[in-house]
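Read off the chains here:
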Amino acid sequence: MKINSLKLCDTDTNWNLSKVAFKNMTLLIGASGVGKTQILESILKLRAIVRGKSMGGTKWEVDFTTLDNNQYIWRGEFEQIEQSLLNILFDNILYENNTPKVVFEELFLNGKQIIERDLNKIIFNGHKTVKLAQEKSVLNLLKEEDLVSPAFQGFQKIIFSDQVVSKRRPQIFNPDSILKQGILQKYKTIESIREADENMITKLYLAYNNAKDVMSSIKERFIDIFPFVMAIKIAPLEFENNNDILSALRDRPFIQIKERNVEDWIIQPQISSGMYRTLMHLSELYLCPKGTVILIDEFENSLGVNCINELTVDLQTASHRNLQFIITSHHPYIINQISYKNWKLVTRKGSQVVTREAADIIDFSKSKQQAFIQLTQLDEFTIGIAE
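Fair warning: this is a prediction, and the values are worked out from it, not measured in the lab.

Scoring rules and cut-offs
- Residues numbered from 1 in each chain as written.
- Predicted model: local features only at pLDDT ≥ 70, side-chain atom pairs only at ≥ 80, totals over all residues.
- Heavy atoms only, no water.
- Helix = DSSP H or I, 4+ residues; strand = E, 2+ residues; numbered from the N terminus.
- Buried < 20%, exposed > 50% of the residue type's maximum accessible area, 1.4 Å probe, protein only.
- Contact = heavy atoms within 4.5 Å.
- Areas by Shrake-Rupley, 256 points an atom, 1.4 Å probe, with all protein chains shown as cover.
- Axes fitted to C-alpha atoms, helices over the stretch in contact; angles between N-to-C directions.
- Parallel < 35°, antiparallel > 145°, perpendicular 65-115°, else oblique.
- Nonpolar A, V, L, I, M, F, W, Y, C, P; charged D, E, K, R; others polar.

Draft legend 1. Layout of the overall build of the chain. Within the chain, the secondary structure is distributed over 14 helices and 17 strands. The buried share of the chain, reckoned over its 387 residues, is 49%. Considering only contacts in the chain between residues 6 or more positions apart, those separated by 24 or more positions represent 63%. A total of about 18700 Å² of accessible surface is found on the chain, and carbon and sulfur atoms cover 49% of it.

Okay, here's the thing in structure tokens:
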């Protein structure tokens, strides 16, 4: 899907995001602490609501388009309840027996209201439904309905691409796919691999075995960025040790890289953060399903200049796969590499977060470098305070 616009209010914290419009590529820029990361977290919060989570004090309106080119507008609000310290510390995991209810919800499809909800009833397509759980969104409760299913499925294709921590935590198969031969038989085509509900290392393993042309493209692009790399494989480790812990890893794939003039394969925990993150981002570009919304916070983290330049180009040329990118960055290389038309300047005044098109406040008639200099001289960029 594509998220067209979003506004969200968290009455528990009085955090309020004014309506922000998104493009296929949106770069959120601005000073630290203005709310760039919270915009990404707001999108993830909506995904959690769609999956059935109750979010006390959250009020939202989101406009999005699904892969079949239908436009939805979804509005809603959860009641605000008094929070305990435990709820604040653990992100409302424990509401005890006082789970917040949905007090209002609407869903429009191509301009026509198909769902209307309040505390007492749900009207779906002109008819009152049986009584349903008040703590869950209608997008979750009615996800099997033909009119609602595309909206529900669209939110499942939102991913937060954070590869910084995962490098040293070997990802494993989902519980229903433990046996490696079983998973290889389950996903034999690139289409099935892309749609699979599997983590990215598992998808790489599947591509390595069952979609060799796509895996070859990933490998070639990776070697373009790191020319000292000779080969990549995603396979279980080869070892003779009968240690019980190591034996448990025999069917789990690890990324392994072969470098020029280096005798041994470099295994996943030994790969540099920049190389690992680059491979994961490239894998997302090739192995995510169409309509995926990819959120990346501080894109420059762990990446050298060579990675930043090349990956930024790849992100901007991935439009043929209907991928949407919403990313944050402070790095001048990234900002300069992405068209100013995609810059979104984030500022705030108190708890009110506002975004503005950079083109509305910067003169781009001169060189790109001068435009960036103008940006860095703006108080809104350096301090982040809205007027």
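Draft legend 2. Just the environment of Val-62, in detail. Here Val-62 shows up in strand β4 (residues 58-65). Residue Val-62 is classed as buried on the basis of its relative accessible area of 2%. Residues within four places of Val-62 in sequence aside, it is in contact with Ile-3, Ser-5, Leu-6, Leu-46, Tyr-72, Ile-73, Trp-74 and Phe-155.

Draft legend 3. Up close: the packing of helix α10 (residues 273-287) against helix α11 (residues 305-316). Two elements in contact, α10 and α11, have axes whose closest approach is 11 Å; the angle formed by their N-to-C orientations is 10°. With respect to their mutual orientation, α10 and α11 come out roughly parallel. Contacts from Gly-274, Thr-278, His-281, Leu-282 and Leu-285 in α10 reach Cys-307, Leu-311, Asp-314 and Leu-315 in α11. Residues belonging to the contact of α10 with α11 are distributed by class as follows: five nonpolar, three polar and one charged.

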